[in-house]
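# Working through the structure, step by step
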Amino acid sequence: MDESLLRIKNLYVRKNEQNILQNINMDLRKGKIHGLLGVNGSGKSSLAYTLMGCSGYEPDKGRIEFEGQDITKSSITQRARLGITLAWQESARFEGLTTGAYLALGMEKADENHIREALEAVGLSPEWYLNRPVDHTLSGGERKRIELAAVFAMRPKLAILDEPDSGVDTLSLNDISNIIKRMAAQGTTILLITHHDEMMQVADSASLLCQGKIVFSGNPGDTRTYYGKRCQPHREIRGDQPWDELADQRKI
């Protein structure tokens with residue numbers, strides 16, 4: 001029995017006459033959490049936009065399959081109808097829309113009890129947030145939690161979480177991890193995109209993205225080790241090697 005939900009095969013994406021994604025191969029299994037780790041600027045968000053079908057990120061080569069169906073040229077709307085959603089790195093603001101109304105938008109059938117459950121799952125009091133406007137009065141951490149609550153309420157087949165841990169304090173990271181595990185437990189497959197290797201603790205498998213290429217795939221522990229040794233932000237990357245290794249080769 002094929003347990004794969006999403007398959008990416010030999011994917012290439014060009015933007016501004018440059019290859020921003022090169023020969024990406026990835027297999028996401030149903031109900032599992034796959035971590036995508038990489039420094040800022042490595043192409044993680046570009047891959048998220050490509051998988052969601054965003055304009056300007058159409059593949060030049062390769063194939064994207066969802067439940068065995070070729071969705072390489074499918075629109076955002078078509079992918080959403082299949083059960084794919086993207087939680088953006090920068091959470092949206094909707095002036096005049098309450099939190100409860102925002103969460104109801106993505107639900108097939110709005111249910112206040114499920115909305116309350118979603119808010120509680122991300123550590124937000126329904127009594128305080130249900131009728132609160134989604135606007136500038138919310139902190140970055142609050143908006144991030146509401147975005148995750150919306151995904152939880154939606155119960156998609158595939159949730160692409162782009163840097164869900166950005167803009168939140170250290171104490172909130174445990175809450176973020178718990179909600180991700182809860183989403184997986186209810187059957188949602190998750191692509192967890194982050195530059196914080198600590199988030200890999202919740203993943204079942206992981207890949208490391210560097211300059212638009214997958215340079216390592218394996219279990220989360222080995223991926224974190226590789227990332228820590230070769231791809232930390234204080235090291236400038238050239239090709240597949242850290243700058244300090246290339247410097248030694250060039251005798252700088």
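The shown structure was predicted, so the numbers you read here are calculated from the model rather than taken from an experiment. (Residues numbered from 1 in each chain as written. Predicted model: local features only at pLDDT ≥ 70, side-chain atom pairs only at ≥ 80, totals over all residues. Heavy atoms only, no water.)

### Quick notes on the packing of aromatic side chains
In this structure the tally under the stated criterion is two aromatic pairs. Relative to Tyr57, the ring of Tyr49 has its centre 5.2 Å away and its plane inclined at 70°; by these criteria the two rings are edge-to-face. Accessibility assignment for this pair places Tyr49 and Tyr57 in one class, buried. Relative to Tyr226, the ring of Phe216 has its centre 4.9 Å away and its plane inclined at 25°; by these criteria the two rings are stacked. (Phe/Tyr/Trp six-rings, centres within 6.5 Å; stacked < 30°, edge-to-face > 60°. Buried < 20%, exposed > 50% of the residue type's maximum accessible area, 1.4 Å probe, protein only.)

### Observations concerning the side chain of Thr194
Its place among the elements puts Thr194 in strand β10 (residues 189-194). By relative accessible area, Thr194 is classed as buried at 0%. Residues in contact with Thr194, not counting those within four places in the same chain, are Leu36, Leu37, Gly38, Lys44, Glu163, Asp165, Met199 and Met200. (Helix = DSSP H or I, 4+ residues; strand = E, 2+ residues; numbered from the N terminus. Contact = heavy atoms within 4.5 Å.)

### Here we look at the packing of helix α4 (residues 112-121) against helix α6 (residues 140-154)
Between α4 and α6, whose axes approach to 8 Å, the crossing angle comes to 135°. Compared by their axis directions, α4 and α6 come out oblique. Every pair of crossing elements has a handedness; the one defined by α4 and α6 is right-handed. Side by side, α4 and α6 meet where His114, Glu117, Ala118, Leu119 and Ala121 of the first sit next to Ala149, Phe152 and Ala153 of the second. Taken together, the residues of the contact of α4 with α6 break down into six nonpolar, one polar and one charged. (Axes fitted to C-alpha atoms, helices over the stretch in contact; angles between N-to-C directions. Parallel < 35°, antiparallel > 145°, perpendicular 65-115°, else oblique. Left-handed = near helix turned anticlockwise from the far one by under 90°. Nonpolar A, V, L, I, M, F, W, Y, C, P; charged D, E, K, R; others polar.)

### Considering helix α8 (residues 220-230)
Pro220, Thr223, Tyr226 and Tyr227 are the residues of α8 that are buried. On an axial view of α8, the arc spanned by its buried residues comes to 125°, and they lie on one face. The elements touched by buried residues of α8 are β3 (33-37), β11 (205-210) and β12 (213-218). (Arc of directions from axis to C-beta.)

### With respect to the nonpolar core
Counting 41 residues, the largest nonpolar core has Leu103, Ile180, Met183 and Ile190 as the members making the most contacts within it. Those residues in contact with Ile180 that lie beyond four places of it in its chain are Ile33, Leu161, Pro164, Ile190, Leu192, Met199 and Val202. Core analysis: the second largest hydrophobic core is formed by 28 residues, Leu11, Tyr57, Ile64 and Leu191 among them. (Core = buried A, V, L, I, M, F, W, Y, C linked by side-chain atoms within 4.5 Å.)

### A word on the sheet that holds strand β5 (residues 69-70)
Within the open sheet, the four strands sit side by side as β2-β1-β4-β5. Their pairing is antiparallel. Each edge of the open sheet carries a strand with a single partner, namely β2 (18-29) and β5. Bridging between strand β4 (residues 61-66) and β5 involves two bridges; their strand directions are antiparallel. Looking at the pairing, Glu65 lines up with Asp70 of β5. (Pairing = 2+ DSSP bridges.)

### So, the confidence of the model for the protein
Of all residues in the protein, 86% attain a pLDDT of 70 or more, and the chain-wide mean is 85. Within the model, the stretch residues 233-252 combines pLDDT values under 50 with 30 contacts to residues more than four positions away or in other chains. (pLDDT = per-residue confidence, 0-100.)

### Notes on the pairing of strand β6 (residues 84-87)
Looking along a regular strand, one sees the side chains alternate between the two faces of the sheet. Burial along β6 is two-sided: Ile84 and Leu86 and Thr85 and Ala87, pointing in opposite directions, are all buried. Strand direction decides the pairing type here: β6 and strand β9 (residues 158-162), joined by four bridges, are parallel. The residue of β9 that forms the bridge with Thr85 is Ala159.

### Comments concerning the side chain of Thr72
Along the chain, the position of Thr72 falls in the loop between β5 and α2 (76-82). A polar side-chain atom of Thr72 sits 2.9 Å from the main-chain amide nitrogen of Ile64. Leave out the neighbours within four places in its chain, and Thr72 touches Pro59, Gly62, Arg63, Ile64 and Arg79. (Polar contact = N/O pair within 3.5 Å; in protein donor to acceptor, adjacent residues only side chain to side chain.)

### Comments concerning the sheet that holds β3
Within a sheet, adjacent strands bond to each other through the backbone by hydrogen bonds, running parallel or antiparallel. If you trace the six strands from one edge of the open sheet to the other, you get β6-β9-β10-β3-β11-β12, paired in mixed fashion. Single-partner strands in this sheet number two, and they are β6 and β12. Across the sheet, the mean angle from the axis of one strand to that of its neighbour is 20°, orientation sign disregarded. Alignment of β11 against β12, held across five bridges, turns out to be antiparallel.

### Considering unusual backbone geometry
With phi around 55°, Asn16 is a residue other than glycine that occupies positive phi space. Topologically, Asn16 is positioned in the loop between β1 (4-15) and β2. The exposure class of Asn16 is exposed, given its relative accessible area of 69%. Backbone geometry at Glu163 places phi at a positive 50°, although glycine is not the residue there. As for its position among the elements, Glu163 is in the loop between β9 and α7 (170-185).

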